[in-house]
Amino acid sequence: MEEFQLKKSIIVISLLYMALLSACNPIKVPKSSGMDHGMSATPTDVIPTKSEWKIEDHPNANKEIPISVFIKDESNKPIQSFDTVHEKKMHLFIFSKDLAYFSHIHPNYKGKGEFAFTTKFPAGGDYMLLSEFTPKGGGDPSVESHWVEIEGKTTKEQPLVPDQKLTKVVDGKKVALSFDHLMAGMTVHMNFTISDAASGQPIKNLQPYLGALGHAVAISDDVEKYLHIHPMTTEGNGPKVTFMTVFPEKGIYKVWGQFQQDGKVFTVPFVIDVAK
């Protein structure tokens with residue numbers, strides 16, 4: 001098949017006072033070959049990378065599809081070694097074009113720069129694959145993205161509409177999302193408060209997921225501005241988990257919070273409107 005070669009700009013804003021944050025709460029500005037990082041707020045220590053993606057011709061929805069991504073340096077040679085960050089050498093996210101679908105995967109490292117995984121796409125359409133990794137010796141993570149077209153029955157795209165009420169029930173948990181403010185270009189405290197949906201009792205036995213009390217991913221409605229955020233919380237096990245970040249521009253964003261209880265990870269999506 002003809003694979004989409006377009007790489008969209010992926011931007012994660014770094015806080016000016018990042019040094020005050022704990023090591024488990026990085027908010028980075030990844031940089032990778034072919035991406036525009038003109039909005040990056042802070043210089044970063046990033047090893048430039050390239051990527052080559054391999055996927056079968058005419059991949060179909062609802063079928064297990066093997067995918068490989070080869071990470072290379074600027075001279076097109078495979079990068080051999082990668083740091084383990086939050087227990088994995090690579091975090092890979094899949095977004096459908098309308099952001100209705102989200103998946104967080106950890107590909108296996110096979111050596112010689114190759115990461116491999118198998119996944120199933122729920123419907124036909126366009127999807128962005130976004131990989132985040134840190135070559136050995138690099139200070140900040142690199143990001144490589146790739147668009148693929150999946151064949152099969154498509155679903156009707158729905159416009160992203162900000163949630164009127166920032167409370168969701170997922171897997172028996174009631175999750176409330178709150179902010180100290182929602183202004184672009186400013187430090188934002190993002191709070192998830194988790195309780196049992198049936199009893200209303202606060203959940204205080206969250207477990208670490210990938211070395212942290214939770215993870216959050218946010219991306220703009222144009223699938224261009226991406227943030228991978230780790231919590232500020234370093235003590236306790238809920239019910240409140242606080243993240244700190246900066247939204248680079250005003251607009252609509254979708255946010256997914258991920259947490260773990262009793263060995264099971266649950267993902268909670270929200271759509272928010274960030275003001276100028």
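Residues numbered from 1 in each chain as written. Predicted model: local features only at pLDDT ≥ 70, side-chain atom pairs only at ≥ 80, totals over all residues. Heavy atoms only, no water.

A closer look at the confidence of the model for the protein
Mean pLDDT over the protein: 85, with 83% of residues reaching 70 or higher. In the predicted structure, residues 1–43 sits below a pLDDT of 50 and forms 119 contacts with residues beyond four places in sequence or in another chain. (pLDDT = per-residue confidence, 0-100. Contact = heavy atoms within 4.5 Å.)

Remarks on the sheet that holds strand E14 (residues 240–246)
Strand pairing in a sheet takes place through backbone hydrogen bonds and is either antiparallel or parallel in direction. With respect to topology, four strands assemble into an open sheet ordered E9-E10-E11-E14, the strand pairing being antiparallel. The open sheet has two edge strands with one neighbour each: strand E9 (167–170) and E14. Taking the axes of each pair of neighbouring strands and ignoring which way they run, one obtains an average angle of 25° across the sheet. Judged from the seven bridges that link them, strand E10 (residues 173–179) and strand E11 (residues 187–196) form a sheet pairing that is antiparallel. Following the sheet pairing, alanine 176 is matched in E11 by threonine 193. (Pairing = 2+ DSSP bridges. Helix = DSSP H or I, 4+ residues; strand = E, 2+ residues; numbered from the N terminus. Axes fitted to C-alpha atoms, helices over the stretch in contact; angles between N-to-C directions.)

Digging into the environment of glycine 257
With respect to the secondary-structure elements, glycine 257 resides in strand E15 (residues 251–261). Accessibility expressed as a relative area gives 0% for glycine 257, which makes it buried. Not counting residues up to four positions away in its chain, the partners in contact with glycine 257 are Phe192, His215, Ala216, Phe266, Thr267 and Val268. (Buried < 20%, exposed > 50% of the residue type's maximum accessible area, 1.4 Å probe, protein only.)

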